[in-house]
Amino acid sequence: METVVSGIRPTGNLHLGNYFGAVKGFLQMQHEYNCLFFIADWHSLTTHPHPADIRKSAYTILSEYLACGIDPEIAPIYIQSDVPETVELYLYLNMIAGIGELMRTTSFKDKARQQLHIDRVHTTEGDVEHEIFNESNKHSVSAGLLTYPTLMAADIIIHKAVKVPVGKDQEQNMEMARRFARRFNQTYGVDFFPEPASFYYSHKAVKVPGLDGSGKMGKSEGNAIYLIDDEKTIRKKVMKAVTDSGPTEPNSPKPEPIANLFTMMEIVSTKDTYDYFNEKYNACEIRYGDMKKQLAEDINAFCAPIRERILAIAADTDYLDKVARQGAEKARASAAKTLNEVRRIIGFHSY
Ligand code: ADP
Ligand code: TRP
């Protein structure tokens, strides 16, 4: 059976973007593949180096993974830092990764700009490199941030995974993972690591929009609707969604904020509901207040059972400890097997 690996950083609660962009794929794949899902707590240190309680943050995602329906008996869930074998592979990959290629990745540049306090709007070609080497800049960029893609590659290939369910925003990191797997094979003259591919369960990447006018839903965008949000919070967030005064001509194209509202409805509501409001829109009879009320109800109907399960599971720390321990055992066994081979291939002693 083919192996599948994916992870999410524990930097907050799961939101609808995480669910429909990633977790929904995990749920489908767990029945068809040899899956391992993890919580990328080391990766969260690249941008949040002083976490208040990193174990608690990891357990938040663990509870939410379980509440969404990941079955740890068939798909182990582990916390990245419980599998130290990954770090050894990360070290080997860092030896063959180039600083230049790592510095050129867009997510590095974006996050480095934040760490260097460079104004996002006024950026120029080479600004990151310039400021990194500028000795008078009192801010520095974490080397861990630079090597984010090698750690991500290690997470994936330590289990020799071939498919990785992720959202579209991870494409460049996935390209690097393939490159490092290929380079390892070339460097040591072996055909050992498969090249992992991104996997979109519905055959195209899903982008869950924000309801604040443009762009995607995200934690850092400040527009997320969380699975754990209660009915009142959901209603408040949806009723605030950006709209306009409505179309004046039948069958008008939808401006982005309106298109986003419809995309969200397509994701969480029934087809009948979507069609009803779409027809109203095309007939210039749309009442956005009614549409938002319906959307809030449908989002709540989707989230409510998950929310209840999150609350119940999060309180059961014995169960969470058991899941994390069993997940770590299975993941370590799988990782140790690969690492033993890697050590032998490079020429180190292996037992
Ligand atoms: P965030 O952007 O909120 O910080 P993460 O970067 O932790 O979320 O993303 C975890 C996973 O969820 C990734 O696989 C990512 O591609 C996916 N994801 C996040 N936001 C969205 C979205 N709005 N639409 C689709 N997928 C998303
Ligand atoms: N970079 C991913 C994100 O921000 C998290 C991640 C770390 C990951 N390691 C991974 C995803 C390995 C898939 C596979 O969401």
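Model, not experiment: these values are computed from the prediction.

Right, let's get into the overall build of the protein. When you go through the protein residue by residue, the secondary structure sums to 15 helices and five strands. For a compact globule of 351 residues, the expected C-alpha radius of gyration is about 20 Å, and the protein comes in at 22 Å, within 12% of that figure. Once the C-alpha set of the protein is aligned to its principal axes, its extents read approximately 75 × 50 × 40 Å. The buried share of the protein, taken over its 351 residues, is 48%. Taking the intrachain contacts of the protein between residues at least 6 apart in sequence as the baseline, contacts between residues at least 24 apart amount to 78%.

Think of a pair of aromatic rings as described by two things: how far the centres are apart, and how the planes are tilted against each other in angle. Enumeration according to the criterion identifies 14 aromatic pairs in this entry. Between Phe26 and Tyr65, the aromatic rings sit 6.0 Å apart at their centres with planes inclined by 70 degrees, giving edge-to-face as the arrangement. Highlighted residues: Phe26 in helix α1 (residues 16-29) and Tyr65 in helix α3 (residues 54-68), separated in sequence by 39 residues. Just as Phe26 is buried, Tyr65 falls in that class too. With a centroid separation of 6.2 Å and 65 degrees between ring planes, the pair formed by Tyr33 and Phe199 is classed as edge-to-face. In this pair, Tyr33 is assigned in the loop between α1 and β2 (34-39) and Phe199 in strand β5 (residues 197-199), connecting sequence segments 166 residues apart. Just as Tyr33 is buried, Phe199 falls in that class too. Through a chain of ring-to-ring contacts, the aromatic side chains of Phe184, Tyr188, Phe192 and Phe193 assemble into a single cluster. Between the NZ or CZ atom of Lys160 and the centre of the ring of Phe192, over which it lies, the distance is 3.8 Å. One cation-aromatic arrangement involves Lys254 over Phe262; the distance from NZ or CZ to the ring centre is 4.5 Å.

Another aspect to go through is the site of ligand 1. Neighbouring residues of ligand 1: 16 residues in total, closest His15, Asp169, Val208, Met217 and Lys219. One of the backbone N or O atoms of Gly167 is found 2.9 Å from an oxygen atom in ligand 1. The contact in question runs from a nitrogen atom of ligand 1 to an N or O atom on the backbone of Val208, over 2.9 Å. Contact with the protein chains hides 91% of the accessible area of ligand 1, taken as 540 Å² for the molecule alone. Class assignment for the residues of the shell around ligand 1 results in six nonpolar, six polar and four charged.

A large share of strand β1 (residues 3-8) lies buried, amounting to five of its six residues. In terms of handedness, the path from β1 via α1 over to β2 forms a crossover that is right-handed.

Residues Lys232, Arg235, Lys236 and Lys240 make up a contiguous surface patch of positive charge. Locating Lys236 in the fold gives a position in helix α11 (residues 231-239).

With that settled, the discussion passes to the UniProt feature "short sequence motif: 'HIGH' region" (unreviewed entry) in the protein. UniProt's entry tags residues 10-18 with the feature "short sequence motif: 'HIGH' region" (unreviewed entry), counted in the numbering of this structure. Within the segment residues 10-18, helix and strand shares are 33% and 0% respectively, and the terminal C-alpha atoms sit 12 Å apart.

This part takes up the site of ligand 2. Residues in contact with ligand 2 amount to 13 residues; listed here are only the nearest, Gly7, His43, Tyr148, Asp155 and Gln170. The contact in question runs from a nitrogen atom of ligand 2 to an N or O atom on the side chain of Gln170, over 2.9 Å. When ligand 2 sits alone it has 360 Å² of accessible area, and the protein chains cover 90% of it. Listing elements by their share of the shell around ligand 2, those giving two or more residues are β1 and α9 (148-157).

Here we take up helix α12 (residues 256-268). Under the 1.5 Å per step criterion, the end-to-end length of α12 is 18 Å for 13 residues, consistent within 8% with the ideal 18 Å. Taken residue by residue, α12 has Ile258, Asn260, Leu261, Phe262, Met264, Met265 and Val268 as its buried positions. Turning to α12, the residues buried within the fold contact α1, α13 (271-282) and α14 (288-315).

Attention shifts here to the pattern of salt bridges. Taken as a whole and assessed by the stated rule, the structure comprises 18 salt bridges. Between Arg178 and Glu175 there is a salt bridge, with its nearest N and O atoms 3.2 Å apart. One end of the pair is Arg178 and the other is Glu175, both in helix α10 (residues 171-188) and three residues apart, which spans about a single turn. Here Arg344 makes a salt bridge to Glu341, at a shortest N to O gap of 3.0 Å. Taken together, the positions of Arg344 and Glu341, both in helix α15 (residues 317-346) and three residues apart, correspond to about one turn of that helix. Residue Glu341 is classed as partly exposed on the basis of its relative accessible area of 30%. Through salt bridges that share partners, Glu101, Arg179 and Arg183 make up one connected network.

So, about the state of the cysteines. Under the defined criterion, the tally for this structure stands at zero disulfides. In this structure Cys68 is a free cysteine whose sulfur lies 9.3 Å from that of Cys303, the closest cysteine sulfur available.

Criteria and thresholds
- Residues numbered from 1 in each chain as written.
- Chains lettered and ligands numbered in written order.
- Predicted model: local features only at pLDDT ≥ 70, side-chain atom pairs only at ≥ 80, totals over all residues.
- Heavy atoms only, no water.
- Helix = DSSP H or I, 4+ residues; strand = E, 2+ residues; numbered from the N terminus.
- Rg over C-alpha atoms; globule rule 2.2 N^0.38 Å.
- Buried < 20%, exposed > 50% of the residue type's maximum accessible area, 1.4 Å probe, protein only.
- Contact = heavy atoms within 4.5 Å.
- Phe/Tyr/Trp six-rings, centres within 6.5 Å; stacked < 30°, edge-to-face > 60°.
- Lys NZ or Arg CZ within 6 Å of the ring centre and 35° of its normal.
- Near = heavy atom within 4 Å.
- Polar contact = N/O pair within 3.5 Å; in protein donor to acceptor, adjacent residues only side chain to side chain.
- Areas by Shrake-Rupley, 256 points an atom, 1.4 Å probe, with all protein chains shown as cover.
- Nonpolar A, V, L, I, M, F, W, Y, C, P; charged D, E, K, R; others polar.
- Right-handed = clockwise from strand over helix to strand, strands pointing away.
- Patch = residues over 30% accessible without salt bridge, like charges linked within 9 Å, V, L, I, M, F, W, Y side chains within 5 Å.
- Salt bridge = Lys/Arg side-chain N within 4 Å of Asp/Glu carboxyl O.
- Lys, Arg positive; Asp, Glu negative; His and termini not counted.
- Charge placed at Lys NZ, Arg CZ, Asp CG, Glu CD.
- UniProt positions renumbered as here; feature names shortened; annotations may be inferred.
- Expected span 1.5 Å × (residues − 1).
- Disulfide = S-S within 2.5 Å.

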